[in-house]
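Residue-level listing of the chains:
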Amino acid sequence: MSTPHGKTASPFKQPRAVWAVAFACVISFMGIGLVDPILPALAESLNATPSQVSLLFSSYLIVTAVAMLIVGWISSRIGAKRTLVIGLAVIVVFAALAGATGSINGIVGFRAGWGLGNAMFIATSLAVIVASASGGFAGAIILYETALGLGIAVGPLLGGVLGGISWRGPFFGVAVLMAIALIATLLFVPATPKPDRPTSVTAPLKALRHRGLLTMGIMALLYNWGFFTMLGYAPYPMELDAHHLGLVFTGWGLLVAAFSVFFAPRLQSRFGTAPVLYANLLGLAIVMAVIAAGVRTPAVVIVAVIVSGAFIGINNTLTTQAVMLVSPVERPVASSAYGFLRFIGGGLAPFVAGKLADASDLSVPFYLGAATFVLAVPVLASGHRLLRQAERQLGQGEPVEPALTPVGRAVPADRPLLVVAVGGYDNAASIVDTAARYARESGSVLDVVHVSETAVVEEQVIETETHDQARAAVTAHLDRLAAHGVAATGHVLTSVGDHAAAGRALARHAAETGARTVAVGRSPRGPLLQFADGSFTTALTHAATCTVILIEPDDAPRPLTAATLTELRDRRA
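Presented here is a report on the structure given in the accompanying data block. Please read all numbers here as calculations on a predicted model, not as lab measurements.

## Digging into the overall build of the protein
Helices and strands together make up the secondary structure of the protein, namely 25 helices and eight strands. The burial tally for the protein puts 61% of its 573 residues in the buried class. Residue pairs in contact within the protein that sit at least 24 positions apart in sequence constitute 82% of those at least 6 positions apart.

## A short note on helix H12 (residues 211–233)
Here H12 spans 33 Å end to end across 23 residues, near enough to the 33 Å set by a 1.5 Å rise per residue. Most of H12 is tucked away: 19 of the 23 residues are buried.

## Regarding the pattern of salt bridges
With the rule as written, the count across this model stands at four salt bridges. A salt bridge links Arg522 to Glu552; its shortest N-O distance comes to 3.5 Å. Of the two residues, Arg522 is situated in the loop between strand E6 (517–520) and helix H23 (527–530) and Glu552 in strand E7 (residues 547–552); the sequence distance between them amounts to 30 residues. With a shortest N-O distance of 2.9 Å, Arg558 and Glu567 are connected by a salt bridge.

## Re the pairing of strand E8 (residues 555–559)
Bridging between E7 and E8 involves three bridges; their strand directions are antiparallel. Looking at E8, one finds that Ile549 is bridged to Pro559. In this structure, the hairpin formed by E7 and E8 is closed by a connection of two residues.

## Focus: the nonpolar core
Core analysis: the biggest nonpolar cluster contains 122 residues, and Met230 and Trp252 have the highest contact counts within it. Excluding its chain neighbours within four sequence positions, the residues that come into contact with Trp252 are Ile152, Phe227, Met230, Leu231, Val305, Ile306, Ser308, Gly309 and Ile312.

## A short note on the pairing of E7
Burial analysis of E7 places five of its six residues in the buried class, the great majority of the element. Alignment of E6 against E7, held across four bridges, turns out to be parallel. Among the inter-strand pairings, Ala519 is bridged to a residue of E7, identified as Ile549.

## Points about the side chain of Asn280
Looking at the element boundaries, Asn280 is found in helix H15 (residues 273–293). Among the residues examined, Asn280 registers a relative accessible area of 4% and is labelled buried.

## Points about unusual backbone geometry
Apart from glycine, the bulk of residues carry a negative phi angle, and the bulk of peptide bonds sit in the trans form. In this model, Asn47 sits at a positive phi of 50°, which is unusual for a non-glycine residue. Residue class for Asn47 comes out exposed when judged on its relative accessible area of 71%. A positive phi is found at Glu239, a non-glycine position, where the angle reads about 55°. Looking at the element boundaries, Glu239 is found in the loop between helix H13 (235–238) and helix H14 (242–271).

## As for the packing of H15 against helix H18 (residues 363–381)
Close contact between H15 and H18 brings their axes to 7 Å; oriented N to C, the two are set at 170°. For the element pair H15 / H18, the angle class is roughly antiparallel. The way H15 lies across H18 gives a crossing that is left-handed. Each of Leu277, Tyr278, Leu281, Leu282, Leu284, Ala285, Met288, Ala289, Ile291, Ala292 and Ala293 in H15 lies in contact with H18, whose residues at this interface are Ser363, Phe366, Tyr367, Gly369, Ala370, Phe373, Val374, Ala376, Val377, Leu380 and Ala381. Taken together, the residues of the contact of H15 with H18 break down into 20 nonpolar, two polar and no charged.

## Overview of helix H25 (residues 562–570)
Within H25, the full set of buried residues consists of Thr564, Leu565, Leu568 and Arg569. Seen end-on, H25 carries its buried residues on one side only, within an arc spanning 135°. In H25, the exposed positions angled more than 90 degrees off the buried face are occupied by Ala563 and Asp570. In this structure, the buried residues of H25 make contact with H14, H23, helix H24 (536–543), E7 and E8.

## Description of the environment of Val295
Structurally, the position occupied by Val295 is in the loop between H15 and helix H16 (298–326). Val295 sits in the buried class, given a relative accessible area of 7%. For Val295 and Pro237, which are 58 residues apart along the polypeptide, the C-alpha to C-alpha distance reads 6.1 Å. Once residues lying within four places of it in the same chain are set aside, the contact partners of Val295 are Pro237, Val301, Leu362, Ser363 and Phe366.

## Here's the deal with the packing of aromatic side chains
Throughout the structure, instances matching the rule amount to 12 aromatic pairs. Their ring planes at 45° and their centres at 6.1 Å tell us that Tyr223 and Phe373 sit as a pair that is tilted. Residue Tyr223 is located in helix H12, and its partner Phe373 is located in helix H18; the two are separated by 150 residues in the primary sequence. Members of the aromatic cluster, joined through ring pairs, are Phe57, Tyr223, Phe227, Phe228, Phe249, Trp252 and Phe373.

## Examining a nonpolar patch on the surface
On the surface, a cluster of nonpolar side chains totalling about 360 Å² of accessible area is made up of Leu150, Val154, Leu157, Val161 and Leu247. Counting residues per element, the nonpolar patch draws most heavily on helix H9 (residues 136–165), at four residues. The residue Leu247 is located in helix H14 in this model.

## Let's talk about the packing of helix H22 (residues 499–513) against H24
Contact pair H22 / H24: the axes reach a minimum separation of 7 Å and the direction vectors enclose 35°. The interaxial crossing formed by H22 with H24 has right-handed handedness. Facing H22, whose interface residues are His499, Ala500, Ala502, Gly503, Arg504, Leu506 and Ala507, H24 presents Phe536, Ala539, Leu540 and Ala543.

## Structural notes on the side chain of Thr434
Structurally, Thr434 is set in helix H20 (residues 428–442). Here Thr434 falls in the buried class, since its relative accessible area comes to 1%. Excluding residues that lie within four positions of it along the chain, Thr434 makes contacts with Ile551, Glu552 and Pro553.

## Digging into the environment of Gly169
Counting through the fold element by element, Gly169 comes out in helix H10 (residues 169–188). Given a relative accessible area of 16%, Gly169 falls into the buried group. Taking the C-alpha atoms as reference, Gly169 lies 7.8 Å from Gly159; in sequence the two are 10 residues apart.

Rules used in this analysis
Residues numbered from 1 in each chain as written. Predicted model: local features only at pLDDT ≥ 70, side-chain atom pairs only at ≥ 80, totals over all residues. Heavy atoms only, no water. Helix = DSSP H or I, 4+ residues; strand = E, 2+ residues; numbered from the N terminus. Buried < 20%, exposed > 50% of the residue type's maximum accessible area, 1.4 Å probe, protein only. Contact = heavy atoms within 4.5 Å. Expected span 1.5 Å × (residues − 1). Salt bridge = Lys/Arg side-chain N within 4 Å of Asp/Glu carboxyl O. Pairing = 2+ DSSP bridges. Core = buried A, V, L, I, M, F, W, Y, C linked by side-chain atoms within 4.5 Å. Axes fitted to C-alpha atoms, helices over the stretch in contact; angles between N-to-C directions. Parallel < 35°, antiparallel > 145°, perpendicular 65-115°, else oblique. Left-handed = near helix turned anticlockwise from the far one by under 90°. Nonpolar A, V, L, I, M, F, W, Y, C, P; charged D, E, K, R; others polar. Arc of directions from axis to C-beta. Phe/Tyr/Trp six-rings, centres within 6.5 Å; stacked < 30°, edge-to-face > 60°. Patch = residues over 30% accessible without salt bridge, like charges linked within 9 Å, V, L, I, M, F, W, Y side chains within 5 Å. Areas by Shrake-Rupley, 256 points an atom, 1.4 Å probe, with all protein chains shown as cover.

Right, dumping it as structure tokens:
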């Protein structure tokens, strides 16, 4: 066929526009961790109490929470790029003002402005990266996840280095780096079109009338209460300087990033979303209780904070996916409503913790944080029916999601079937054409299944494509195959967040249609993620009752088994 049969493009070979926004994402994700190492220094230099310093978190997060309700309305009217640019400019201005001020009240006020810019940036950055990226949607998500991991891990380290020079250093550092990102965005990022239908300013609040979204939002509020209590107050009992605090929170950030990207999908695939969240919240409660009990022993606090990064990474990934599954409203609207409740919890916690610490003992805020983690469990369990439905959507039982939609003509019942799974990648046509060659050699009909997933990264949710775009992609494959005399039909497989659920759904489809073989190609996400536990390919291989093969244009097909999955995962491709 005429389609080029090249190797999968690297997700890191991107236009300058993508790198400009990705760089800004790294700096943005540094935000909270960057400040943590300088909290004790701020208190000492500005003669402020820990409760006063904690307002840096409260003002920042409460303004971010409220702004999450309106940034969708703003972006739908002026476009994603303009919203992004305004957000970056606001961050630059208020970060610089925070570094220049000489009072704790001034920093708290300027952090509030920083929170407004942060909300405008995080609500649009992923969409701009996806719109500008080459190599398909998967490459864009890899870049965003990489930026997320780098920002979380490097932020405390940079904060410790700059904070060791002066407490003003992290603020001026963010201002300079974000100014560079702003200039690059203005120069390299093309204008983005406005959505066809503007978002209502009241849509996120109206969405909270839905029980599932409200339940998950309250659970996230309680979770973030405990989380930001730890971030806001744990640095004080550690009794470390800014540099060593930065190292501690770098270790914490590395665990957050690793468990979010690599371990959360595996646990979700094996045990299900709800059981993992229950255990995870209880684990966080235990860690917080350990901090409270050992608050007079710095080593105990240091170890407990680092360990908490594993639980936080898991929780951040699975909670947002669960929100998208139980919410009946548009996913960007659900994301804004959920983000509002989530950040409100994070903003109120440091303020209340400060009052409690001043009135009693430093251990009390941590005990309260442990209690909020425990309370989040029955809140999460209060919607039993909705949780069961969400688990069905994750492939436990009869699925509601993922869903298969037929495209094209039905296949002849008297001919064998070969199913090929592809996504919206540059190499999709190459994979389909390679599968068509094997179908023709075996006398099979080809079933082209286009996997269309809604990506969930932290609190950000983005549709990979509209349903019409996915259908159009399948139709284009079928038209090309028909022109070359290949008998084919097609389907669109839609899924939310969980790659394993989509893999199991495809395995069921293959069994129900009597397919003899299912073919997949190389993923732009790389072998470590494609063949990991909890991935689409691994779940498909384990669940399928027929042969699953890995195909490449220039190589012989390779049957996938548990042994070959391990080999492919461990070997650098």
